Amino acid sequence: MWQFLASAALALGALVVALLAAVRHLTKGLSALAKTAQEIAGGNLDVQFRATGLGEVRGLGLAFEQMLTHLRASTRRIRQLAFYDTVSRIPNREKMRIDAPALIDAEEGAALFFLDLDGFKSINDTFGHKAGDELLRMVAERLSNLLTSKGAAGKCLLARVGGDEFVAIIAGMKTVAAASLSAREMIETLQVSFKLQSNHATIGVSIGIAICPTHGTTYDDLLIRADLAMYVAKSSGRNTCAFFTPDLAEIARARHALETDLALAIRNDELVVHYQPKVSCRDGRILGVEALARWHHPKEGDIPPARFIKIAEEIGLIMEIDRFVLRRALAEIGGLIRAGSNLVLAVNVAATEIEDPLFIRDIITAVREADFPPPKLEIEITESVAMPNPDVVRERISLLRQLGIRFAMDDFGAGYSNLSTMARLPFDAVKLDRTLVTGVADDREKQTILRLALGLADELGFETVVEGVETAEDLQFAAENGATMAQAYLFSRPLPLEEFAVLLQPRRLASAFEVVPRRDGAERKTMIR
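Residues numbered from 1 in each chain as written. Predicted model: local features only at pLDDT ≥ 70, side-chain atom pairs only at ≥ 80, totals over all residues. Heavy atoms only, no water.

Engineer: Looking at this structure, how should I read the sheet that holds strand E7 (residues 240–243)?
Structural biologist: Backbone-to-backbone hydrogen bonds join strands into a sheet, with any given pair of strands oriented parallel or antiparallel. Across the sheet, five strands lie side by side as E2-E3-E1-E6-E7; this open sheet has mixed pairing. Pairing within the sheet leaves two strands with one partner each, and these edge strands are strand E2 (156–160) and E7. Between one strand and the next, the sheet's axes are offset by a mean angle of 15°, whatever the strand orientation. Helix H6 (residues 176–191) contacts strand E1 (110–118), strand E3 (165–171), strand E6 (204–212) and E7 of the sheet and is inclined by roughly 160° relative to E6. (Pairing = 2+ DSSP bridges. Helix = DSSP H or I, 4+ residues; strand = E, 2+ residues; numbered from the N terminus. Axes fitted to C-alpha atoms, helices over the stretch in contact; angles between N-to-C directions. Contact = heavy atoms within 4.5 Å.)

Engineer: Is there a simple way to explain the side chain of aspartate 474 in this structure?
Structural biologist: Considering the arrangement of structural elements, one finds aspartate 474 in helix H18 (residues 472–480). No salt bridge is formed by the buried aspartate 474, whose closest oppositely charged neighbour, lysine 446, lies at an N-O distance of 7.6 Å. In this structure the side chain of aspartate 474 is engaged in a polar contact, spanning 3.2 Å, whose partner is the backbone nitrogen of valine 440. (Buried < 20%, exposed > 50% of the residue type's maximum accessible area, 1.4 Å probe, protein only. Lys, Arg positive; Asp, Glu negative; His and termini not counted. Salt bridge = Lys/Arg side-chain N within 4 Å of Asp/Glu carboxyl O. Polar contact = N/O pair within 3.5 Å; in protein donor to acceptor, adjacent residues only side chain to side chain.)

Engineer: Got a minute to help me understand the environment of leucine 196 in this structure?
Structural biologist: By the secondary structure assignment, leucine 196 is in strand E4 (residues 194–196). Judged by its relative accessible area of 3%, leucine 196 falls in the buried class. Residues leucine 196 and glutamate 134, spaced 62 residues apart in sequence, show a C-alpha to C-alpha distance of 7.4 Å. For leucine 196, the residues in contact, after removing those within four places along its chain, are Ile123, Phe127, Ala131, Glu134, Leu135, Met138 and Ala201.

Engineer: What's the story with the nonpolar core in this structure? I'm lost.
Structural biologist: Note that soluble globular proteins tend to have their nonpolar side chains buried in a common cluster. Within the largest apolar cluster, 78 residues are counted, with the highest numbers of intra-cluster contacts made by Leu345, Leu377, Ile379 and Phe500. Ranked by residue count, the leading element in this core is helix H10 (residues 318–338), at 10 residues. Excluding its chain neighbours within four sequence positions, the residues that come into contact with leucine 345 are Val289, Ala291, Ala329, Leu330, Ile333, Phe372, Lys376, Leu377 and Glu378. Listed in part, the 37 residues of the second largest apolar core include Ile123, Ala168, Val205 and Ile209. (Core = buried A, V, L, I, M, F, W, Y, C linked by side-chain atoms within 4.5 Å.)

What follows is the structure, given as structure tokens:
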């Protein structure tokens, strides 16, 4: 009996052992899978895993192995998107911020270069954003190759930190001479024209430089100071560099204060509008007037328009200024028109306004609220806006022209001229830029260009306004060759409303003209004083 029980116990033990071995064999992959899952949950995607086991356990392991492969690929893609610029294919601002501290050493020194491309916006406007993106890729490639060729691989960083802005850091560089040489090499590298499809484009670059430890010992300090220096370089012209100096910080503070004051002045209606007459080249009558914003700062006095208008464009306030000028001018010149003056009021609009979907609505609303006659309003669009985007311009202004509102191309000849495009745009007048007019009486080349421009405008049925007339001789040449009107300080600077109204008195300006023979035999008056 006992012998039987012992045999049975041994058999049962063997069975249990066999079952445990089978279970362990079938599930041996589960423990490895669980351990790997814990590693991944802790952030370790580099953990090694290979599916083991049999049957469903192995199938589960294979699925997990595939999932891990996809997870690693997705993580690499996310990291690429997070730290690399998709257009230029180089590190972005965040990647630079992470990696820069390793290269910036107070003892070894380092130079930070802040590059801002000159003329990039015109490339975008002329050839389109696709071409602009391709240009950015080529810029990044050239700069990367330059840094590599200098033997700086591993000791330098390059990143795109903004629309047309790049930052480069070169470790071990702490002298002005060395940094100047590197900046000049960057400028020369980017001066060579770029081939964009079937076109060739040229750009410039302005570079601001800050050196560690002279100008700072952290990435943020160097970046801010190189950025300030870049604006100095840009104001000095294309293709130049500038180093940070302590006074730039004060300039930056003053600029920020002026930006704040300008925003408050716009909000509180502290700007004023002055008016400059457009004078007939035929008889000296004032046929039109351009409304221009002016700003008298409570502490600094009169701020030059070129200064505060540029700031307004850079910080996004230009539309508010243009809307203010429009409303004020419609009210003030509207009063003169209702009193009997026969004037066409001209106002300027910025590129951002043409692109604004509310542009048409805002113009119509302002005209109706002021009870202003639409045919007496002329909207001036600069050539730099009109030429690259003729289809957009035509679409935006078609409805307004149906209401009788006039349109003029401003600054024609300033650099974007395309005669065939101009012929297709629905303008009423063309304002010839001062670069074509100033000194024309003594410049045979300018005479030829101005004569052709005036003749073309006449053939297309455009009125013409010549700007920048400085002498009676310049005015006489423009008048003899068909100019309709002239607008210049020769007649009057922009004036407050009360002073401008005085000019409207009979023959106030006309008395300064005398009759001279026109080249086609007709009589034409021209100003002689």
